[in-house]
Protein chains: 2
Amino acid sequence: MPLDLETDVVTLTAALVDTFSESLQEKEIADDVDTALRAYPHLTVEREGHTIVARTELGRDERVVIAGHLDTVPVNGNFPSRLEGEILHGLGSCDMKGGVAVALLLAAQISEPVVDVTYVFYDGEEIEAEFNGLGKLARTRPELLAADLAIVMEPTDAGIEAGCQGTMRAEIRTTGERAHSARSWMGSNAIHALAPVLDTLATYVAREVEIDGLTYREGLNAVGISGGVAGNVVPDEAAVMVNYRFAPDRTEEEAHLHLQEVFEGFGLTVTDSAPGARPGLTEPATAAFVANVGGTVLPKFGWTDVAQFTVLGIPAINYGPGNPMYAHKADEHVPIEQLRRVHQTMASWLQS
Amino acid sequence: MPLDLETDVVTLTAALVDTFSESLQEKEIADDVDTALRAYPHLTVEREGHTIVARTELGRDERVVIAGHLDTVPVNGNFPSRLEGEILHGLGSCDMKGGVAVALLLAAQISEPVVDVTYVFYDGEEIEAEFNGLGKLARTRPELLAADLAIVMEPTDAGIEAGCQGTMRAEIRTTGERAHSARSWMGSNAIHALAPVLDTLATYVAREVEIDGLTYREGLNAVGISGGVAGNVVPDEAAVMVNYRFAPDRTEEEAHLHLQEVFEGFGLTVTDSAPGARPGLTEPATAAFVANVGGTVLPKFGWTDVAQFTVLGIPAINYGPGNPMYAHKADEHVPIEQLRRVHQTMASWLQS
């Protein structure tokens, strides 16, 4: 169904929610977005897979990226959309078709923004990093993302959340010697050997770091533990998986070094990690955007795609309609007041 | 194939090994044993399922049970038997068709033993306790097992191993509060809450208990640990499974109380347990048997079916050919010297 970009933000959000787009099945919604944007001659539209990039080319001094992902987590009894009073319910209404609707309307309706804008609508955000359309673009065509500021329209309850913390998962593995549990002194118990690791985790004091006036709170948590061969065997292997959420003053390398220090003497293997993103509130473009939106800026604790921009040296913030607590939930929804407010704030900023 | 009970112990062991009898598939071997024993008029033979009981009824002052299980663990590239030099290889050669062969020859060939004998050949020993033919008999026809001493012919490397330790498995579970790991201070980590449990296990000093001159060594070990919801979630549940091997001076109730003391403050659930068996070396019948066999008596650390007799108040010991280290192994085997020695020792004792 063609997307009408001359409608209001609530109608457009509902239309997007009603277009099924679970991760890896974004062709239809990407086609719709692609077709709709190409109708506007003030936009230069390019497509890479199911990622659509639409740019204004006005020769402005500054350029801003406005980005949103098109995919959703799987349906959970919440498809299609349902409007109830002042709330739009449905899969993706919060995460993040509300933000995508705002961005599409801005792209279509503001032909002469005060800064040049690069709109990016991408696929594969809700699944493994390798499928992330924004990440692919950053690797293969970084010039398409060049900008002074990026705004990722993930749900933030219509407030600005700056930067994001990094995340690193690492496995700490202990070894022992297998033996029959009836003669346990013949062996060495790898699960018992995890005791100091759990002690360290239980007594760990997480850092609180102030950056640009925002306080980031770190965290170091066991997210999994396993070990055991059989009910009558002293186990020779055990492992705990930890997740370190680190403030954006630390690089991934520094985070890794920190974990090695914390768990000195244990075998530690990083299984995956993603860098944080500094809030960049002192950058002129960011400061101007913050001043325009108003309200309190909060630090972003969770990892988001703003970090993709940090890798490219571009300050990035999260700003979008919807309470992130409802993302990935069966009762996902977005208040239409937030859809309208975020749309209005962005529109006035681009025309101020 | 009919079993020849007039042959030598090596030939009979090989014939038994060559009769497939994985647990729950003991019909053929039980039929063979049943038929072979009924040919001897000095024996009163009864059958319960695939458990055969053959008794002498000579009115002796004392009665001894000689028991062995007919089933094996699954084939592991070690079927049928293979005689190589002085070693008989094959599934069940060690655990415990060598012992069964000895018992069958004694039953057939010694028509007037100095004590009355109850021979028990049973099924379902290598799997869950509910299938254990000896256990069934103890519950349904305990009078068939009445005796002054029981000898379980499990492999002991042809030495006497007295009594056995009890075993108890218990789960210790911790709870917490689930939260996104990016905002871990909103939750409470159940894996971290296991730290004092692992500390307790790592520093636990196991008892050594002397009974009838034998030193039993206890053990308390984690045999499994689990926890974790997802890589980005503070887990709200975690559990460690412990296995307590306790000396036979403790009942199951006392073992349970001990675990509750050791893990005070934690939720502890016993998942299964089996009592130990006192060595009973001071009982006249046991002492006489030990004197006859000679050699050093060792404590049995692993749990065996001797405990089934303890529940009935009958002292019981383990004595049989084969090194128990090779039980359940692909290279399972028994030295023919041990088959002959154990046969000779038992035969001379029953006729002394």
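The rules behind the values
- Residues numbered from 1 in each chain as written.
- Chains lettered and ligands numbered in written order.
- Predicted model: local features only at pLDDT ≥ 70, side-chain atom pairs only at ≥ 80, totals over all residues.
- Heavy atoms only, no water.
- Least-squares fit on C-alpha atoms with pLDDT ≥ 70 in both.
- Contact = heavy atoms within 4.5 Å.
- Helix = DSSP H or I, 4+ residues; strand = E, 2+ residues; numbered from the N terminus.
- Buried < 20%, exposed > 50% of the residue type's maximum accessible area, 1.4 Å probe, protein only.
- Salt bridge = Lys/Arg side-chain N within 4 Å of Asp/Glu carboxyl O.
- Pairing = 2+ DSSP bridges.
- Axes fitted to C-alpha atoms, helices over the stretch in contact; angles between N-to-C directions.
- Buried area = accessible area lost by both parts, 1.4 Å probe.
- Polar contact = N/O pair within 3.5 Å; in protein donor to acceptor, adjacent residues only side chain to side chain.

### Brief notes about the relation of the copies chain B and chain A
Alright, step 1. By a simple turn and slide, chain B fits onto chain A: the slide is 0.1 Å along the axis, the RMSD is 0.1 Å, and the turn is 180 degrees. In short, the pair behaves as if placed about a two-fold rotation axis. Taking C-alpha positions as the reference, the residue of chain B nearest the rotation axis is S226(B), at 2.4 Å.
Alright, step 2. By residue overlap, the copies meet face to face through one surface: 100% of the interface positions of chain B are interface positions in chain A.

### Details of unusual backbone geometry
Alright, step 1. Note the cis peptide between F79(A) and P80(A), where omega equals -5 degrees.
Alright, step 2. Here P80(A) is to be found in the loop between β3 (63–69) and β4 (82–84).
Alright, step 3. Residues other than glycine seldom take positive phi values, yet D212(B) does so here, at roughly 50 degrees.
Alright, step 4. Since its relative accessible area comes to 34%, D212(B) is described here as partly exposed.
Alright, step 5. Here the phi dihedral of H328(B) falls at roughly 65 degrees; this positive angle occurs in a residue that is not glycine.
Alright, step 6. Looking at where H328(B) falls in the secondary structure, it is placed in the loop between β18 (316–318) and β19 (333–335).
Alright, step 7. Residue H328(B) is classed as partly exposed on the basis of its relative accessible area of 46%.

### Some remarks on the pattern of salt bridges
Alright, step 1. Applying the stated criterion to the full structure yields 42 salt bridges over all chains.
Alright, step 2. A salt bridge links R38(A) to D34(A); its shortest N-O distance comes to 2.6 Å. In this pair, R38(A) and D34(A) both sit in helix α2 (residues 27–38), 4 residues apart, roughly one turn of the helix.
Alright, step 3. E237(B) serves as the salt-bridge partner of R173(B), at 3.5 Å between the closest nitrogen and oxygen. Within this pair, whereas R173(B) is found in strand β9 (residues 166–175), its partner E237(B) is found in strand β15 (residues 237–246), the two being separated by 64 residues in sequence.

### Section: the sheet that holds strand β13 (residues 219–227) of chain A
Paired through their backbone hydrogen bonds, the strands of a sheet run either parallel or antiparallel.
Alright, step 1. Taking strand neighbours across the sheet as the criterion, the 8 strands line up as β16(A)-β9(A)-β15(A)-β13(A)-β13(B)-β15(B)-β9(B)-β16(B) in an open arrangement whose pairing is antiparallel. Edge positions in the sheet fall to β16 (267–274) of chain A together with β16 (267–274) of chain B, since each has one partner strand and no second. Neighbour-to-neighbour, the strand axes of this sheet turn through a mean angle of 25 degrees, independent of strand direction.
Alright, step 2. Where strand β9 (residues 166–175) of chain A and β16(A) come together, 7 bridges link them in antiparallel fashion. For M168(A), the partnering residue across the bridge sits in β16(A) and is S273(A).
Alright, step 3. Contacts from helix α6 (residues 252–262) of chain B reach β9, β13 (219–227), β15 and β16 of chain B within the one sheet, and its direction differs from that of β16(B) by about 155 degrees.

### Considering the interface of chain B and chain A
Alright, step 1. Between chain B and chain A, the residue contacts involve 40 residues of the former and 40 residues of the latter.
Alright, step 2. For the pair chain B and chain A, the summed buried surface comes to about 3,100 Å²; carbon and sulfur atoms form 59% of the total.
Alright, step 3. Broken down residue by residue, the surface that chain B buries against chain A is led by W185(B), H192(B) and I225(B), which jointly contribute 20%.
Alright, step 4. Viewed at the interface, chain A and chain B are joined by 0 salt bridges.
Alright, step 5. Joining chain B to chain A, the criterion identifies 16 residue pairs in polar contact (both at pLDDT 80 or more).
Alright, step 6. Elements with a minimum of two residues in the side of chain B that touches chain A: α5 (195–203), β13, β14 (233–234) and β15 of chain B.
Alright, step 7. If you tally residues by element for the side of chain B that touches chain A, the top one is β13(B), at 9 residues.
Alright, step 8. One ladder, built from 3 bridges, connects β13(A) with β13(B); its direction is antiparallel. Within β13(B), the residue paired with S226(A) across the bridge is S226(B).

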